[in-house]
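Each chain is listed here by its residues.
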Number of protein chains: 2
Amino acid sequence: MSKVLWHTQMSLDGFIAGPNDDMRWAFEAESGGPDETIDEVLERVGALLVGRRTQDVEDREQQGFYGGAYNGPFFVLRHDLPEQPPVVKGVTGVVLDVSIEEAVERALSAAGGKDVVILGANIARQCLAAGLLDEIIIHLTPVLLGGGVRLFDQPDGRPVKLKRTFVAERGQLTALGFEVID
Amino acid sequence: MSKVLWHTQMSLDGFIAGPNDDMRWAFEAESGGPDETIDEVLERVGALLVGRRTQDVEDREQQGFYGGAYNGPFFVLRHDLPEQPPVVKGVTGVVLDVSIEEAVERALSAAGGKDVVILGANIARQCLAAGLLDEIIIHLTPVLLGGGVRLFDQPDGRPVKLKRTFVAERGQLTALGFEVID
């Protein structure tokens, strides 16, 4: 069955973006070679569900999702609709102004039996809260940022238990996989 | 040469204590068997330098440092001096109301050529800022807490680069070692 998977890079101190959405630390910390974890994610993904901030960074950096290696369908969940639909490396995305449940359903339909990969902490948080998230894959990066956008920031939420499914050294990055238990 | 090493447990989302200094998540997530990383830390440590909050948790939980496996010298850096010196599993600690530099120097002297292990985020942060921290060892715990005390929370600080030195599976915990580069 298709899974909903959140894939993100994170600093050791739990930030997924630095102050002012700075992502240079992440680009600087590339694993420096082939990364089988990314290859595996790319094999599994049938559709991306992307948040506003991730899309804004992509619009600015023009790297393409997975450095341009992904060119399948993508959905952007945002409530401020842009005038033009987003185009990433020649692929036109669909902007959704719907609930998280409907957004995940739309992405799953488009994934054709493959998995949906979430890019964006805010969407991942909403998926978690709605019980829609199956897995988390993190590329842990050896830097302390001290400030920025937190992986998970829900002071009133209850703790979420995870089960580690793998850990792997990818250059100086550490890839970690978790199942969401409850 | 003696090293100054920060050893801590951390939730996947970067908390070292839950809301209200709750540490139950950490005790619940024991690695469930022998942990060679802890054995290695215990072999290396000649003195502990402990923060106020860690000491308060120890006073409350009475587990002893490293579950009672450590019974060497320890120093507590706090600026509210208690009436009685702290006693942990029969060992009397020394309370210091001094600068971080002097506290580290005192602990290094007591360590007799072995390493100083820091327990406590606030002290570790001060060591980092003063350029006194050599290594970080983290037992990453598969839970998202959402709130509590952050590993590293210094929005105005500059990023600190690290180099991963090891990663190891310890039951469901993941032990990670880092050198502080700059």
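Residues numbered from 1 in each chain as written. Chains lettered and ligands numbered in written order. Predicted model: local features only at pLDDT ≥ 70, side-chain atom pairs only at ≥ 80, totals over all residues.

**A short note on the overall build of chain A**
In plain terms, the rule: Numbering goes from the N terminus for both helices and strands, where a helix is a DSSP run of H or I of at least four residues and a strand is a run of E of at least two. The size measure is the radius of gyration over C-alpha atoms, and the globule rule it meets is 2.2 Å times the number of residues to the 0.38 power. Three exposure classes are used, all based on how many other C-beta atoms lie within 10 Å of a residue's own C-beta (placed from the backbone): buried at 20 or more, exposed at 12 or fewer, and partly exposed between those limits.
In terms of regular secondary structure, chain A is built from five helices and 13 strands. The C-alpha radius of gyration computed for chain A amounts to 15 Å, which stays within 12% of the reference 16 Å derived for 182 residues, consistent with globular compactness. Counting only residues that meet the buried cut, chain A has 46% of its 182 residues in that class.

**Here's the deal with the confidence of the model for chain A**
To keep things clear, this is the line we draw: Every residue gets a pLDDT, meaning the predictor's confidence in that residue, from 0 to 100.
Mean pLDDT over chain A stands at 89; residues scoring 70 or higher make up 95%. Across the interface, the model reports ipTM at 0.88; the global pTM reads 0.90.

**Focus: the interface of chain A and chain B**
The test is simple: Our contact criterion uses C-beta atoms placed from the backbone: two residues qualify when those atoms are within 7 Å. Ten residues, namely Ala, Val, Leu, Ile, Met, Phe, Trp, Tyr, Cys and Pro, are considered nonpolar, four, namely Asp, Glu, Lys and Arg, are considered charged, and the remaining ones, Gly among them, are considered polar. When DSSP finds two or more bridges between two strands, those strands count as paired.
At the interface, 29 residues of chain A touch 29 residues of chain B. Contributions of two or more residues to the side of chain A that touches chain B are made by strand E10 (143-144), strand E12 (160-170) and strand E13 (173-180) of chain A. By residue number, the principal contributor to the side of chain A that touches chain B is E12(A), which donates seven residues. Along the lines of polarity and charge, the residues of the side of chain A that touches chain B split into 16 nonpolar, seven polar and six charged. Here two bridges tie E12(A) to strand E10 (residues 143-144) of chain B, and the two strands are oriented antiparallel to one another. Bridged to Val160(A) within E10(B) is Leu144(B).

**Re the pairing of E13(A)**
Residues and elements named next belong to chain A. The element E13 is extensively covered by neighbouring structure, given that six of its eight residues are classed as buried. The sheet contact formed by strand E9 (residues 135-141) and E13 spans six bridges and is antiparallel. Pairing of Ile136 across the sheet is with Phe178, part of E13. Taking the residues between adjacent antiparallel strands as the criterion, E12 and E13 are bridged by two residues, where Gly171 takes a positive phi near 60°.

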